[in-house]
Amino acid sequence: ASNKPSLGRMFENEAYITARLNHPNILPVHDMIRIHDVPALVMKRVHGQSWAQQIEAERQAETFKLENHLEVLVRVCRAVAYAHEQGVLHLDIKPGNVMVGEFGETLLMDWGCAAIHDESHWNDGGRLPRAANISKPMGTPLFMAPEQAKGDGATIGQCTDVFLLGATLRALLNDGPLRVGTTVEELLGEAASGGWSELPKDAPAALVTLVERALQSSPTARTLTIQQLTNGLTAWL
């Protein structure tokens, strides 16, 4: 029998973890209910679109302004930093998992891959997923870190979310595919080896340096912290 949790259990895990995170850039969960025996979350209603949709629309209309999107990324960084303080890793950071509201609200969503990495904040008897127990690829292949592609839970940690934030920054700098694979298997192979498409020659040098520091293939070589990434972004802005 597979030890993979059921979709219902994954949904409950996401609900319990997200409900513990109280931050202005994290969509709050108020309750979990059942509607016709189907589990549902009671959450704040937000009017807007995904950040990925906004980026695509602005690029097509040729109204994309890097500075505006770096401000969104800074808010996402702060949400992730807060989650880390609460002992939680997101593990699926990407523009498609960020909601941008009509009045500038920025909300990091979809905590379905989230895992606990600091036991001191959680007294749940081991019920919720632990990062160290991850043994299969988890996340989005286009963005994921090598340790995620390899399912190496022993090396998954805060540096993994830093990698994902760096990959998101790379996506803002690169108007094109991040990786060249066309199948999940090819993308996982690229992710495992740390493969990326080239950045534009005119990308700002300071931001390229942040990307290069965040996207080191080896987790131990990834010395950039979320605070340093946030400081670098705000300094450039």
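None of the values given here were measured: they were computed from a predicted structure.

**Q** I would appreciate a short explanation of the layout of surface pockets in the present structure.
**A** Gaps between atoms show up when a probe of the same size as a water molecule is rolled over them. Computed from the structure, the second largest pocket encloses a volume of approximately 270 Å³. Contributing to the lining of the second largest pocket are 16 residues, with Ile55, Arg59, Pro95, Phe143 and Ala171 lying nearest its centre. Looking at the lining of the second largest pocket, the elements that each hand over two or more residues are helix H2 (51-61) and helix H5 (158-173). The element contributing the most residues to the lining of the second largest pocket is H2, with 4 residues.

**Q** Is there a simple way to think about the packing of H5 against helix H7 (residues 205-214) in this case?
**A** Each pair of packed helices can be summarised by the angle the axes make with each other and by the distance between the axes. Running from N to C, H5 and H7 cross one another at 145°; their axes reach a closest spacing of 8 Å. The chirality of how H5 crosses H7 is left-handed. Between H5, through Val162, Phe163, Gly166, Leu169, Arg170 and Leu173, and H7, the contact on the second element is made entirely by Leu207, Leu210, Val211 and Ala214. Its residues placed into classes, the contact of H5 with H7 shows 8 nonpolar, 1 polar and 1 charged.

**Q** Just to check I follow, could you spell out the sheet that holds strand S3 (residues 48-50) for this structure?
**A** Hydrogen bonds between backbone groups are what pair the strands of a sheet, and the pairing can be parallel or antiparallel. The 3 strands lie next to each other as S3-S5-S6, forming an open sheet whose pairing is antiparallel. The two strands at the open ends of the sheet, each matched to only one other strand, are S3 and strand S6 (106-108). Each strand axis lies, on average, 25° off the axis of its neighbour in the sheet, ignoring direction. Of the pairings in the sheet, the one linking S3 to strand S5 (residues 98-101) comprises 3 bridges and is antiparallel in character. Paired with glycine 48 across the two strands is glycine 101, which belongs to S5.

**Q** Hey, could you run me through the pattern of salt bridges in this one?
**A** Pairs can form between side chains of opposite charge whenever their charged atoms are close. In this structure the tally under the stated criterion is 3 salt bridges. The partner of arginine 59 in a salt bridge is aspartate 175, with the nearest N and O atoms 3.8 Å apart. One end of the pair, arginine 59, is in helix H2; the other, aspartate 175, is in the loop between H5 and helix H6 (184-193), with 116 residues separating them in the sequence.

**Q** Quick question: what am I supposed to make of the pairing of strand S2 (residues 38-43) here?
**A** For a regular strand, the rule is simple: side chains alternate between the two faces of the sheet. Looking at chain direction, strand S1 (residues 29-35) and S2 are connected through 6 bridges and run antiparallel. Directly across from arginine 34, in S2, lies its bridge partner proline 39. Linking S1 to S2, which pair antiparallel, is a turn of 2 residues; within it histidine 36 sits at a positive phi near 55°.

**Q** Even after reading the chapter, I still don't get a nonpolar patch on the surface, so can you show me in this structure?
**A** On the surface, Ile33, Ile35 and Val42 cluster together into a nonpolar patch covering about 210 Å² of accessible area. Within the element layout of this structure, valine 42 appears in strand S2.

**Q** How do you make sense of H2 when you look at a structure like this?
**A** Because an α-helix completes one turn every 3.6 residues, residues spaced three or four positions apart along the sequence face the same direction. Residues Trp51, Gln54, Ile55, Glu58 and Arg59 constitute the buried set of H2. Buried residues of H2, viewed axially, fall in a sector of 125°; they line one side. Directly beyond the C-terminal end of H2, a positive phi value near 60° is found at glutamate 62.

Cut-off values and rules
Residues numbered from 1 in each chain as written. Predicted model: local features only at pLDDT ≥ 70, side-chain atom pairs only at ≥ 80, totals over all residues. Heavy atoms only, no water. 1 Å grid on protein atoms, 1.4 Å probe; cavity = no way out; pocket = protein on both sides within 12 Å on 5 of 7 lines; lining within 4 Å. Points joined across faces, edges and corners; volume = space filled by probe spheres on them. Helix = DSSP H or I, 4+ residues; strand = E, 2+ residues; numbered from the N terminus. Axes fitted to C-alpha atoms, helices over the stretch in contact; angles between N-to-C directions. Left-handed = near helix turned anticlockwise from the far one by under 90°. Contact = heavy atoms within 4.5 Å. Nonpolar A, V, L, I, M, F, W, Y, C, P; charged D, E, K, R; others polar. Pairing = 2+ DSSP bridges. Salt bridge = Lys/Arg side-chain N within 4 Å of Asp/Glu carboxyl O. Patch = residues over 30% accessible without salt bridge, like charges linked within 9 Å, V, L, I, M, F, W, Y side chains within 5 Å. Areas by Shrake-Rupley, 256 points an atom, 1.4 Å probe, with all protein chains shown as cover. Buried < 20%, exposed > 50% of the residue type's maximum accessible area, 1.4 Å probe, protein only. Arc of directions from axis to C-beta.

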